[in-house]
Amino acid sequence: MPKVTVDGVELDVPQGATVLQACELAGKEIPRFCYHERLSIAGNCRMCLVEVAPGPPKPQASCALPTAEGQVIKTDSPMVKKAREGVMEFLLINHPLDCPICDQGGECDLQDQSVAYGRGATRYDENKRAVTEKYMGPIVKTVMTRCIQCTRCVRFAEEVAGVEDVGAIYRGENMQITSYLERAVGSELSGNIVDLCPVGALTSKPYAFEARPWELTKTLGIDMMDAVGTNVRIDARGRQVLRVLPRVNDDVNEEWANDKTRHHVDGLVRRRLDQPYVRVNGTLQPASWAEAFAAIKAVGAGSSVAAIAGDLADCETMFAAKSLVNALGGALLEGRQTGLDYDVTSLSAVNFNTGIAEAENADVILLVGTNLRWEAPLINTRIRKAVWKKGAKVFAIGPETDLTYKAEWLGDDASLVTKLPTAVLDALKGAERPMLIFGGGALSVPGVHGAGLALAKSVNAVKDGWNGYNVVHFSAARMGSLMLGYGLPGGIKDVIAAKPKLAFFLGADEVDFAALPDTFKVYVGHHGDKGAHAADVILPAAAWTEKDFTTVNTEGRVQRSEKAVFAPGDAREDWSIFRALADALGVSLGFDSFAQCRAAMIAAVPALGVEGLADYGWTVPKLPAKPEARAIPSPIKDFYLTNAICRASPTMQRCSEELVHGVDFAEAAE
Amino acid sequence: MADAPNIPDEAETRARWGAFAWTAENAEKAKAVIARYPAGRQRSAVMPLLDLAQRQVGAETQTQGWLPVPVIEYVAAALDMPFIRAYEVATFYTMYNLVPVGRYHVQVCGTTPCLLRGSDDVMAACKNRGMVKGKTTPDGLFTLTEVECMGTCTNAPMVQINDDNYEDLDYDSTVRILDALAAGELPKAGTQLANRHTSEPDGGPTTLKEMVSSNHDYRKEW
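Residues numbered from 1 in each chain as written. Chains lettered and ligands numbered in written order. Predicted model: local features only at pLDDT ≥ 70, side-chain atom pairs only at ≥ 80, totals over all residues. Heavy atoms only, no water.

Engineer: Explain the overall build of chain A to me, please; I cannot follow it from the model alone.
Structural biologist: Helices and strands together make up the secondary structure of chain A, namely 20 helices and 29 strands. Taking as baseline every contact in chain A between residues at least 6 positions apart, the subset at least 24 positions apart corresponds to 70%. Element-wise, carbon and sulfur atoms account for 53% of the exposed surface of chain A, whose accessible area totals about 25400 Å². Positive and negative side-chain charges in chain A, numbering 70 and 83 respectively, have mean positions lying 1 Å apart. (Helix = DSSP H or I, 4+ residues; strand = E, 2+ residues; numbered from the N terminus. Contact = heavy atoms within 4.5 Å. Areas by Shrake-Rupley, 256 points an atom, 1.4 Å probe, with all protein chains shown as cover. Lys, Arg positive; Asp, Glu negative; His and termini not counted. Charge placed at Lys NZ, Arg CZ, Asp CG, Glu CD.)

Engineer: When you look at the packing of helix α3 (residues 46-61) of chain B against helix α5 (residues 83-92) of chain B in this model, what are you seeing that I'm missing?
Structural biologist: Each packed pair of helices is defined by two parameters, the angle between the axes and the distance between the axes. All names here are of chain B. The geometry of α3 relative to α5 is characterised by a closest axis approach of 11 Å and an angle of 70° between their N-to-C directions. The pairing of α3 with α5 is recorded here as roughly perpendicular in orientation. Within the contact between the two elements, α3 uses V46, M47 and L50 and α5 uses A86, V89 and A90. Here the contact of α3 with α5 is composed, by residue class, of 6 nonpolar, no polar and no charged. (Axes fitted to C-alpha atoms, helices over the stretch in contact; angles between N-to-C directions. Parallel < 35°, antiparallel > 145°, perpendicular 65-115°, else oblique. Nonpolar A, V, L, I, M, F, W, Y, C, P; charged D, E, K, R; others polar.)

Engineer: Explain the interface of chain B and chain A here, please?
Structural biologist: One widely used convention gives an interface's size as the accessible area the parts lose upon coming together. The partner chain A presents 24 residues to the 22 residues of chain B that form the contact. Summing both sides of the interface, chain B and chain A together bury roughly 1900 Å²; the carbon and sulfur share of this comes to 56%. Taken together, the connections running from chain B to chain A amount to 3 salt bridges. One salt bridge in this structure joins E10 of chain B and R183 of chain A, with 3.0 Å as the shortest N-O distance. (Buried area = accessible area lost by both parts, 1.4 Å probe. Salt bridge = Lys/Arg side-chain N within 4 Å of Asp/Glu carboxyl O.)

Engineer: I keep staring at a nonpolar patch on the surface and nothing clicks. Help me out?
Structural biologist: Residue and element names in this part refer to chain B. A contiguous nonpolar patch, built from M47, F92 and Y93 and spanning about 240 Å² of accessible area, is present on the exposed surface. Tracing the sequence through the fold places Y93 in the loop between α5 and β1 (104-109). Since its relative accessible area comes to 33%, Y93 is described here as partly exposed. (Patch = residues over 30% accessible without salt bridge, like charges linked within 9 Å, V, L, I, M, F, W, Y side chains within 5 Å. Buried < 20%, exposed > 50% of the residue type's maximum accessible area, 1.4 Å probe, protein only.)

Engineer: Whenever I open this one, the packing of helix α8 (residues 315-327) of chain A against helix α18 (residues 594-604) of chain A confuses me. Can you help?
Structural biologist: Residues and elements named next belong to chain A. In the contact formed by α8 and α18, the axes pass within 10 Å of each other and the chain directions differ by 80°. Considering their axes alone, α8 and α18 lie roughly perpendicular with respect to each other. Touching C315, E316 and F319 of α8 are F594, C597, R598, A600, M601 and A604, all from α18. Class assignment of the residues belonging to the contact of α8 with α18 gives a composition of 7 nonpolar, no polar and 2 charged.

Engineer: Quick question: what am I supposed to make of the environment of E658 of chain A here?
Structural biologist: All names here are of chain A. Position of E658 relative to the elements: it lies in helix α20 (residues 650-660). Through-space distance from the C-alpha of E658 to that of A313 is 29 Å; in sequence the pair is 345 residues apart. Apart from the residues lying within four places of it in its own chain, the contact partners of E658 are Y135, G137, P138, A184, V663 and F665.

Engineer: Can you walk me through the packing of aromatic side chains in this structure?
Structural biologist: For any two aromatic rings, the description comes down to two numbers: the centre-to-centre distance and the angle of the planes. The final tally for this structure, using the stated rule, is 20 aromatic pairs over all chains. Judged by centre distance (6.2 Å) and plane angle (35°), the rings of F319 of chain A and F591 of chain A are tilted. Of this pair, F319 of chain A sits in helix α8 while F591 of chain A sits in the loop between α17 (574-585) and α18, placing them 272 residues apart in sequence. You'll find F319 of chain A and F591 of chain A in the same group, each marked buried. Ring centres of W22 of chain B and Y74 of chain B lie 5.6 Å apart, and the angle between their planes is 75°; this geometry places the pair in the edge-to-face category. (Phe/Tyr/Trp six-rings, centres within 6.5 Å; stacked < 30°, edge-to-face > 60°.)

Engineer: Could you clarify how one ought to interpret the confidence of the model for chain B in this entry?
Structural biologist: Caution applies to low-pLDDT parts of the model: their predicted coordinates are not meant to be read in detail. A residue-level look at chain B finds 100% of positions with pLDDT of 70 or above and a mean pLDDT of 92. The complex prediction reports pTM at 0.92, with the ipTM value standing at 0.88. (pLDDT = per-residue confidence, 0-100.)

Engineer: Quick question: what am I supposed to make of the sheet that holds strand β2 (residues 9-12) of chain A here?
Structural biologist: Backbone hydrogen bonds are what pair the strands of a sheet, in a parallel or an antiparallel way. Residue and element names in this part refer to chain A. With mixed pairing, 5 strands are arranged side by side in an open sheet as β2-β1-β5-β3-β4. The open sheet is flanked by β2 and β4 (60-61), the only strands paired with a single partner. Pairing geometry for strand β1 (residues 3-6) and β2, over 4 bridges, is antiparallel. Residue pairing across strands places K3 opposite D12, the latter belonging to β2. Against the sheet, helix α2 (residues 78-93) makes contact with β3 (49-53) and β5 (72-74), and its axis sits at roughly 150° relative to β3, the strand it touches most. (Pairing = 2+ DSSP bridges.)

Engineer: Please explain the pairing of strand β7 (residues 166-169) of chain A as it appears in this structure.
Structural biologist: It is a general feature of regular strands that their side chains alternate between the two faces of the sheet. Residue and element names in this part refer to chain A. Residues V166 and A168 point to one face of β7 and G167 and I169 to the other, with burial holding for every one of them. With 4 bridges joining them, β7 and strand β8 (residues 176-179) adopt antiparallel strand pairing. Following the sheet pairing, I169 is matched in β8 by Q176. Hairpin connection of β7 to β8: 6 residues between the antiparallel strands, including Y170 at a positive phi of 60°.

Engineer: What exactly am I supposed to notice about helix α11 (residues 422-430) of chain A here?
Structural biologist: Counting along an α-helix, one turn takes 3.6 residues, and residues three or four places apart therefore face a common direction. Residues and elements named next belong to chain A. Along α11, the positions that sit buried rather than exposed are V424, A427 and L428. On an axial view of α11, the arc spanned by its buried residues comes to 95°, and they lie on one face. Away from its buried face, by an angle of more than 90 degrees, α11 presents the exposed residues T422, A423 and G430. Residues of α11 that are buried in the fold lie against β17 (364-368), β18 (393-397), β19 (408-411) and β20 (434-438). (Arc of directions from axis to C-beta.)

Engineer: Just checking my understanding: could you explain the environment of F566 of chain A for this structure?
Structural biologist: Residue and element names in this part refer to chain A. Here F566 lies in the loop between β28 (557-561) and α17. Given a relative accessible area of 57%, F566 falls into the exposed group. Separated by 107 residues in the primary sequence, F566 and V459 place their C-alpha atoms 51 Å from one another. The contacts of F566, once residues within four sequence positions are left out, are R239 and E546.

Here you go:
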């Protein structure tokens, strides 16, 4: 613990801390452009200069200088002030004065720091340098003349995203940041380089010229696009959500968000269901709420009722639907729309037990039937970190894909789980912190679940202080739905076999609707997608940005999200729809407000009342452990089009065409 | 103005160079170069290999050689490194040509010492032969580039043509060299002054004269 003095204040700093970190510990703000906590140190912007003694009699770049015992650091001396002014003046020499037309305006590091640390006027009256435009894909808009060459984007692409597509070509005056041959950056995390860019060189293409940051209302939310539970901030103006940005949460998403999280929002204002519909003579007709409720009442389903939760369903919605189904005397509740029927008697056996943040400490990892890069991109970055920084070994069973790190592919046969090569078994057994990760694709093959649990036992993956058995879910609703009892032994096949007279689909679009021909289908959702097409009655509900809700991510973390905007038209929050429908059907749910609904939910499932990791313990159900010998399917066909909101989003459609199907847009963009 | 790389049409380049592979001889050389670096650090060999590839392209096209995109990718793949990393190297160093050059790559130094010693005359001699900066002559013989210091300031002005330096030039000697090259001859490399061998003082030493024949202790004279 070196003892250093920062501006006359003595303090102890951790071993290996840099001078910049020491200054931050002392509460001093150090301006910086290239330095970023989560990226490697580059030391090329020179903005963080401070005076350090002992040392050469000149300012030092604090981000790249380790602290040493007895250092005296000055951040407010005349030398430092002059150095910062000098660096800032040089940075601004080639930076265009186009702040009024720059999307970064108002949240620009260069703008802020030039006000705080700059000279106020330039002495340069030569021509400024200009840089030709670059193409970086459908998410990132470039104005490369504004680039100050901090190389944060290059380091992010290499270190975090693992997609080495971005680089700096040429040198000196001519140095320019570009993607390889100006192709689209092939990363599902490319939106993060927009946040990282301290200037307006890389801005968000879908959000270009939409709004200024000070016009936006900021609401804290939890992303529902995948089961990672990315912490986000919802930026809205008036009634429209304009963008979604990640918040810092080191336990979940660090400070990243994938492109789907960021850019599905333009789907929130398209193809919306904004009034009830009732199917009359085979076609859906607009109706009033009363007419829609009357149509449902007319079914006379009695207790033959089911509820099927979609991937975007939140806990309160599922609880309200469950309350109604139970009040009507039914018990058919299912959330696994596509037909998965793995055992759910023990939640710990279907949970990401290691934890997302802990995953980066694993030393040997076996992936079974999961394309993590698409199913949970931000868990994939953790695994990449384990591989890249700590040298973890990764083995994988399943359809081969590029996971951005080196994985040893063993084949795609599910029966390999019980017939692992000795080398793999030895590696797992010898590992201090082994991790087994099973994806939805793996669990769809009968026997893999049991075999996986048996494997966890045989390689001693679950031990004191370390649980290496993991299931990674893709659906944001999954863990919440299982906690609320949405899970039948035979999955959705049990619902089909029971032939319910009435079924509620909570934004469930992926169900095989043809298998339920005699069921009166009520779609409670927000987008006119597959579910709405098949429905007999559509009840328009709120999307995730339009309601307060609780959700549980794949590691069992209970998180709450707040309402940013109102649902459009006649659409209502889901809990109130079921509350009103209960009145129409003549039953009581036991709550009259959202607060009461949430309280009743917490009373039923106390774990949902505590934000943070739910404790599922560790119980292993007895399951058949002989996997069928067949190829593990991949559950996601197209990362960008996995749910109704994405499918309605022009940005996501464009990403899908360009990045998944390889349509070339580079020329058209010019 | 920092322009986007002005590389030749990608589709055409790929059609012509997509099947690039080492010749048997160069494959051996490449192996030897990679073997110089520790296992797992094979990326360090990127610069010699790019040079080797450029020379092979040169041999195939009867020119000084250049690095088409598929060739850069071939080298990157051979070293198991991302294409962009090899591309960065190829764009950073001016000795890698990103566009085709002629049989003789005439690199005229225009930095201060050469400028003071008459690099303008050298440049004029080149221009009078029809060369244009950054372009190849229509006969495919010469490509003219103005470069920064090549470290031969004692023999300024100088020009580097392919792997040889021609030093102590003036207008006439430059014309002579270019004529000889055009005629297919190989002029004498190095200094073009008759009485100079390398970079020793022209016309005999002007300082430390007593040191020429034997050792001399100057300290008493300070």
